[in-house]
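# Residue-level structural notes
Take a look at the letters that make up each chain.
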Amino acid sequence: MMKKSILIAAVLFCVLVAALPALDISGGLLFTVQTDAAKPTVSSDSLWGAFRGGMYQKAGDFEFLWTVVVDNERKYPQEALGGLSGSLSYDIEDAGLRYKHDGFGVVLGKFANRDMVDSPYSLFASGAGNQALMGEISVEKGKFFYTDRWMGLNHNLDTGLYYTDSGMNTWPTSQTTTANLYRDRGLVLKSFGLKSGRLRVGYQDALLFTGDYFNIDVFAIPAPGWLIQYAAAAAGRPWTRSGDMNAMLGFFADYTGDDWYAYGQVLVDDLNLDKVFDPDKEYCAPNKLAASLGGKVETGAGTFGAYVAGATRYAFESVRNEYYSYTYYPGSAVISDGQLVGIPMEDLMIGYINGENNFAAMFTWQKALPVADLAGSLEFKLTGEQSPANPWHDQVGVGANDWFRWLDDPVLEKKLTLKAGASRSFGPFTVWADGTLGYVWNRLELVEVTAEDSDSGSDERLREADGSEPYWRPSADCGFIGALTLGCTYRYTP
């Protein structure tokens, strides 16, 4: 019955395609081979392929588009499509409606989450451009610009998906913790500011909420999120809401010249100056900060870019087991097809792609030649212990020395990566290749929180403090990073 329904749907789709004028249809294949150190998860295959296809329609100021992606990488090995697909994974990307006219824009659908600044190290929306269901309103008039974006994060999660509900954890998980882990979550990201010629100066504001997938108050009110948070959570009133919220704020400035671009961006998760005014104060909440700086310049030899960024320890994390960290998913690992699979930081982070406790520098180059379009990058990263979903990592809480911590771990992961790519078009047909080569020292590994790991020994408070979520810690493992991807795309306009 299901196969028959799929066939009928395919026929109806072909009839619809034939009836639409100026329709852009695309399809393509890619094949990747990679080393163990290059694989994003422990379950990923070393050799895999994918199909990507979709369509795009523009009608005046409206855009209509969608893309289907099918691969057998087994990043998360659970079967899809009711078992019909075997080991294939299936997803939809770049799908929805977009409208823009005279400085006013509306977006509704599943699209890449992009920041206001053009950088691989942007802080409020990751340079990875991860896909999320979103609704966005934007206004750009005269010297003023404003963007209000809602993103759906978690909605009706599978209760057998995450590590704390699997029975594999070190500590038993309380019912309260499990309920909190599976609460719906959403996010509203606002950016507004002023333009003066080619200079922009803006304020950015993010408010992540639990208990709701969509919150009309946060989206509709243009006030900063931290003001909305305090108003919504004030006790003793009929409209007081439950559930934690995570508010962040920051600023950016950028300038676009004739042949160059430069930006600076800062993010404040938590700011504590107690130690500055009272150096003898013993316990202070940690500073949770991030900063990014960079730009690019066009020359006769190509376009060159340079970027640096970093984030302190504990940045983007929640402080309780409400799992309101600034991440697309609430946990650090999932149980997929019976395997414990850590979620890659690049896939997990809403903001800075490398997460907390990190420093990164990248140099980029690209140039269009008659034979092909070429691009490359060289990146170096230092990363310490990371715990997106486990408050305070393996500790019960913060201590006297946690006021400002950044890359002070006994061992750090060091990663050096060189990437290169080339593409060439032959009419509607495009072929391309991407390669990665590098080395990683003391690679991060997923570890469990145990009483022996914790500073508190066998303290029973661990059960309430950490929720038994695993975290990432530099290990003794080192290895070469190598990957090669070959692909082709065909575009057809009937």
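The structure reproduced in this document is the subject of the present report. (Residues numbered from 1 in each chain as written. Predicted model: local features only at pLDDT ≥ 70, side-chain atom pairs only at ≥ 80, totals over all residues. Heavy atoms only, no water.)

Here the focus is the overall build of the protein. Assigned secondary structure in the protein consists of seven helices and 22 strands. Burial statistics for the protein: of 494 residues in total, 46% are counted as buried. Long-range contacts, defined as pairs at least 24 residues apart, comprise 68% of the intrachain contacts of the protein with a sequence gap of at least 6. Roughly 23500 Å² of accessible area belongs to the protein as shown, and the carbon and sulfur atoms make up 62% of that amount. (Helix = DSSP H or I, 4+ residues; strand = E, 2+ residues; numbered from the N terminus. Buried < 20%, exposed > 50% of the residue type's maximum accessible area, 1.4 Å probe, protein only. Contact = heavy atoms within 4.5 Å. Areas by Shrake-Rupley, 256 points an atom, 1.4 Å probe, with all protein chains shown as cover.)

Under the definition given, this model contains one cavity of 30 Å³ or more. A per-class count over the lining of the largest cavity returns five nonpolar, one polar and two charged. (1 Å grid on protein atoms, 1.4 Å probe; cavity = no way out; pocket = protein on both sides within 12 Å on 5 of 7 lines; lining within 4 Å. Points joined across faces, edges and corners; volume = space filled by probe spheres on them. Nonpolar A, V, L, I, M, F, W, Y, C, P; charged D, E, K, R; others polar.)

Mapped onto the secondary structure, Ser-377 falls in strand β17 (residues 373–383). In contact with Ser-377, other than residues within four places in its own chain, are Met-362, Phe-363, Thr-364, Thr-417, Leu-418 and Lys-419.

A word on the layout of surface pockets. Looking at the second largest pocket, its volume works out to about 690 Å³. The wall of the second largest pocket is formed by 30 residues, among which Lys-100, Glu-136, Ser-138, Thr-147 and Arg-149 lie closest to the centre. Breaking the lining of the second largest pocket down by element, the ones donating at least two residues are β4 (89–101), β5 (104–112), β6 (131–141), β7 (144–154), β8 (185–196) and β9 (199–210). The residue inventory of the lining of the second largest pocket, partitioned by class, reads eleven nonpolar, six polar and 13 charged.

For the structure shown, the criterion picks out 17 aromatic pairs. Seen from their ring centres, Tyr-261 and Tyr-263 are 6.4 Å apart, and the 25° between their planes marks the pair as stacked. Three or more aromatic residues joined by ring pairs make a cluster, and in this case those are Tyr-146, Phe-192, Tyr-203 and Phe-251. In this arrangement the basic side chain of Arg-200 is found over the ring face of Phe-145, its NZ or CZ atom lying 5.6 Å from the centre. (Phe/Tyr/Trp six-rings, centres within 6.5 Å; stacked < 30°, edge-to-face > 60°. Lys NZ or Arg CZ within 6 Å of the ring centre and 35° of its normal.)

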